[in-house]
Amino acid sequence: MQQPTVLRRAVYAGSFDPPTNGHLWMIAQAQQLFDELIVAIGVNADKKSTYTVAERQQMLQEITAQFANVRIAAFENDFLVNYADSVGARFIVRGIRTGADYEYERAVRYINADLQPEIRTVFLMPPREIAEISSTMVKGLVGYKGWRQVLSRYVPDAVYQKMLMDNQER
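Everything quoted here is computed from the prediction, not taken from an experiment.

Taken in spatial order, the five strands line up as S3-S2-S1-S4-S5 in an open sheet, and their pairing is parallel. With one partner strand each, in any of the chains shown, strand S3 (70–76) and strand S5 (120–124) form the two edges of the open sheet. For this sheet, the mean inter-axis angle between neighbouring strands, taken without regard to orientation, is 30°. Taken together, the five bridges between strand S4 (residues 91–95) and S5 define a ladder with parallel strand orientation. Each bridged residue has a counterpart across the sheet, and for Ile 92 the counterpart in S5 is Thr 121.

Within the UniProt annotation, "site: Transition state stabilizer" (unreviewed entry) is assigned to His 23. By the element assignment, His 23 lies in helix H1 (residues 21–33). Setting aside chain neighbours within four positions, we find His 23 in contact with Tyr 12, Phe 16, Pro 18 and Ser 135. Here the side chain of His 23 touches Thr 20 through a polar contact of 2.9 Å, landing on its backbone nitrogen.

Let us now look at the pattern of salt bridges. This model, assessed by the stated rule, comprises ten salt bridges. Across the pair Glu 36 and Arg 9 runs a salt bridge whose closest N-O atoms are separated by 2.4 Å. Taken together, the residues span a long stretch of sequence, with Glu 36 in strand S2 (residues 36–43) and Arg 9 in strand S1 (residues 9–14) at a distance of 27 residues. Neither Glu 36 nor Arg 9 differs from the other in exposure class; each is buried. Across the salt bridge formed by Asp 85 and Arg 90, the nearest N and O atoms sit 3.1 Å from each other. Look at Asp 85 and you get partly exposed, because its relative accessible area is 28%. A single salt-bridge network, built from bridges that share partners, covers Arg 9, Glu 36 and Arg 71.

Cut-offs used in this document
- Residues numbered from 1 in each chain as written.
- Predicted model: local features only at pLDDT ≥ 70, side-chain atom pairs only at ≥ 80, totals over all residues.
- Heavy atoms only, no water.
- Pairing = 2+ DSSP bridges.
- Helix = DSSP H or I, 4+ residues; strand = E, 2+ residues; numbered from the N terminus.
- Axes fitted to C-alpha atoms, helices over the stretch in contact; angles between N-to-C directions.
- UniProt positions renumbered as here; feature names shortened; annotations may be inferred.
- Contact = heavy atoms within 4.5 Å.
- Polar contact = N/O pair within 3.5 Å; in protein donor to acceptor, adjacent residues only side chain to side chain.
- Salt bridge = Lys/Arg side-chain N within 4 Å of Asp/Glu carboxyl O.
- Buried < 20%, exposed > 50% of the residue type's maximum accessible area, 1.4 Å probe, protein only.

Shown next as structure tokens:
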């Protein structure tokens with residue numbers, strides 16, 4: 001008798017405020033590794049976001065539409081590892097861009113293992129040309145002379161169009 005197939009589900013979480021080409025690279029890579037990838041917006045009530053959760057969900061849905069096994073969600077007031085468990089994911093996907101990221105993510109991975117030992121963390125390292133892209137860096141470009149041309153290099157087109165609309169007066 002053949003064993004039933006177990007769905008390999010993973011969660012890739014972040015603030016995605018806004019989603020960047022680095023985020024899209026992570027999603028594109030991770031969705032190839034798993035049967036289902038949940039891209040989860042982590043909502044931190046203490047953190048001021050530029051975009052609402054609904055706006056970030058919309059942007060993520062647009063930029064991931066080509067991936068049939070990706071779904072967009074949001075969670076708040078919970079540890080990521082507990083959220084992953086609540087949706088039946090046995091993997092968490094995290095990006096490592098710098099040595100500082102590695103040290104931070106290593107510590108979090110061990111705490112996650114204390115909370116949910118059956119959930120594994122998978123680390124992906126983006127290519128050099130997008131390794132330095134962050135949502136904070138992208139938002140910091142807006143308003144400077146020539147920002148529109150520079151910004152287009154770092155975010156997917158749907159995000160770029162949203163940011164242009166939101167910043168027409170600049």
